[in-house]
Amino acid sequence: MDPALPIEKIAARALSLGASLVGAAHVVTLLASPSHRRYPVDRRVCDARSVLVLALAHDEAKSEMDWWDNRPGRTPGNRRLIKINRKLTKWFRKTYAVEAKELPYHAHQRGVFLKDAAVLAGLGVVGKNNLLVTPEYGPRVRLRALLLDRHLQCTGPLAGFSPCDACKGFCLQACPIEAFAGGAYRHDRCRQQLEKNESDPVVLASPVVGMPTRFKIAYCRLCELACPVGR
Ligand code: SF4
Ligand code: SF4
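Residues numbered from 1 in each chain as written. Chains lettered and ligands numbered in written order. Predicted model: local features only at pLDDT ≥ 70, side-chain atom pairs only at ≥ 80, totals over all residues. Heavy atoms only, no water.

K.L.:
If you had to explain the packing of aromatic side chains to someone new, which residues and values would you point to?
P.N.:
In this structure the tally under the stated criterion is six aromatic pairs. Judged by centre distance (5.7 Å) and plane angle (40 degrees), the rings of Y39 and F113 are tilted. In this pair, Y39 sits in the loop between α3 (34–38) and α4 (43–47) while F113 sits in the loop between β3 (100–102) and α6 (114–120), placing the two residues 74 residues apart along the sequence. A relative accessible area of 45% means that Y39 is categorised as partly exposed. (Phe/Tyr/Trp six-rings, centres within 6.5 Å; stacked < 30°, edge-to-face > 60°. Helix = DSSP H or I, 4+ residues; strand = E, 2+ residues; numbered from the N terminus. Buried < 20%, exposed > 50% of the residue type's maximum accessible area, 1.4 Å probe, protein only.)

Next comes the structure, spelled out in C-alpha cells:
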C-alpha cells in the first residue's frame, strides 16, 4: 500500500491558497457515520480513500460573502472555496501524481455530508445549533471537500473541545422561529424562516445609472452569529 500523504504539507498549501482550516478523514470512517449509513452514497465516494475538508471563515463583518445570487457557486464565499479546490487539484496532480476530485456541496448531488466529514477531520464539533463549531471561528465557516484515491494522514476527531457544555445556549435563544423549541433542530421550521428571507432580499443599487437593481438573499444566520466561540 502507498504511504499516506503528509497532511502538514497539504494543509500548508491549502492555507496559502486562502483556506482558513484544513483537515483530512478516511473515507471508510466517513461511510460509517450515521448520515452516510442512512442515505445512499455515490460509488466514487465508496471507491476513494480520503477526504480533504476545507473551511473558509465567514466573518460577520463581511456578511456579503454569504449572500446568495444567481451566479454559479451561488455565494462569493463558496466561489472562493471552489477556486481554492481547483488550484489544489492541479497541485495534487503535479506534486504527487494523485487525482483529487472536487465534491459538490450537497450530499444528495453525489457529495458527502460535509459536517460529518469536518468533524471526523478534527475541524470542530456539532454544536447545539446543529452547525459545525470550530475552536478558531465558531460556526462562522463554510465547507467544501476534495476526494482522493490515496490515504492522507487523518487529523481528527478533535479531543477536549465541547463548548456547548458550559454555554447558556445563546444560539437557541437567538432563533426567531423557535426551530429548537422541542430540544432538537427542526429543519421544517428553519425552512420557514429561510423562505421569508427569500421573499425579502437585500437590494443593491447599481453603481451604474440606468442598469437594473440587483437582489441578493441574506439567509438567516442568527444561531450562527450568536455563538461566542471563536470571537
Ligand atoms: S452558542 Fe453556545 S450552545 Fe450554541 S453552539 Fe455556540 S457554544 Fe454551543
Ligand atoms: S438559521 Fe435562523 S431560523 Fe434557522 S435555526 Fe438558525 S436562527 Fe433559527
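This is not the end of the story, as more comes after the structure.
K.L.:
Could you give me a rundown of empty space enclosed by the protein, with the residues and numbers involved?
P.N.:
Under the defined criterion, the tally for this structure stands at one cavity of 30 Å³ or more. Of the volumes computed, that of the largest cavity is approximately 90 Å³. Lining the largest cavity we find G127, K128, N129, V133, P163, C164, C167, G169, C171, C227, P228 and V229. The residue makeup of the lining of the largest cavity, split by class, is eight nonpolar, three polar and one charged. In terms of domain composition, the lining of the largest cavity takes at least three residues from each of domain 1 (7–164) and domain 2 (165–225). (1 Å grid on protein atoms, 1.4 Å probe; cavity = no way out; pocket = protein on both sides within 12 Å on 5 of 7 lines; lining within 4 Å. Points joined across faces, edges and corners; volume = space filled by probe spheres on them. Nonpolar A, V, L, I, M, F, W, Y, C, P; charged D, E, K, R; others polar. Domains from an automatic or database assignment.)

K.L.:
Describe the pattern of salt bridges, with residues and values.
P.N.:
With the rule as written, the count across this model stands at 15 salt bridges. The shortest N-O distance in the salt bridge between D47 and R43 comes to 3.2 Å. Of the two residues, D47 and R43 are both situated in helix α4; the distance of four residues between them amounts to about one turn of the helix. The closest approach of N and O atoms between E99 and R93, which form a salt bridge, is 3.0 Å. Residue E99 is classed as partly exposed on the basis of its relative accessible area of 37%. (Salt bridge = Lys/Arg side-chain N within 4 Å of Asp/Glu carboxyl O.)

K.L.:
How would you explain the site of ligand 1 if you had to name every residue and give the values?
P.N.:
The environment of ligand 1 is made up of K128, N129, V133, P163, C164, C167, G169, F170, C171, C227, P228 and V229. Within the shell around ligand 1, the residues separate by chemical class into nine nonpolar, two polar and one charged. When we break the shell around ligand 1 down by domain, the ones giving at least three residues each are domain 1 (7–164) and domain 2 (165–225). (Near = heavy atom within 4 Å.)

Any functional reading would require information that these geometric values do not contain.
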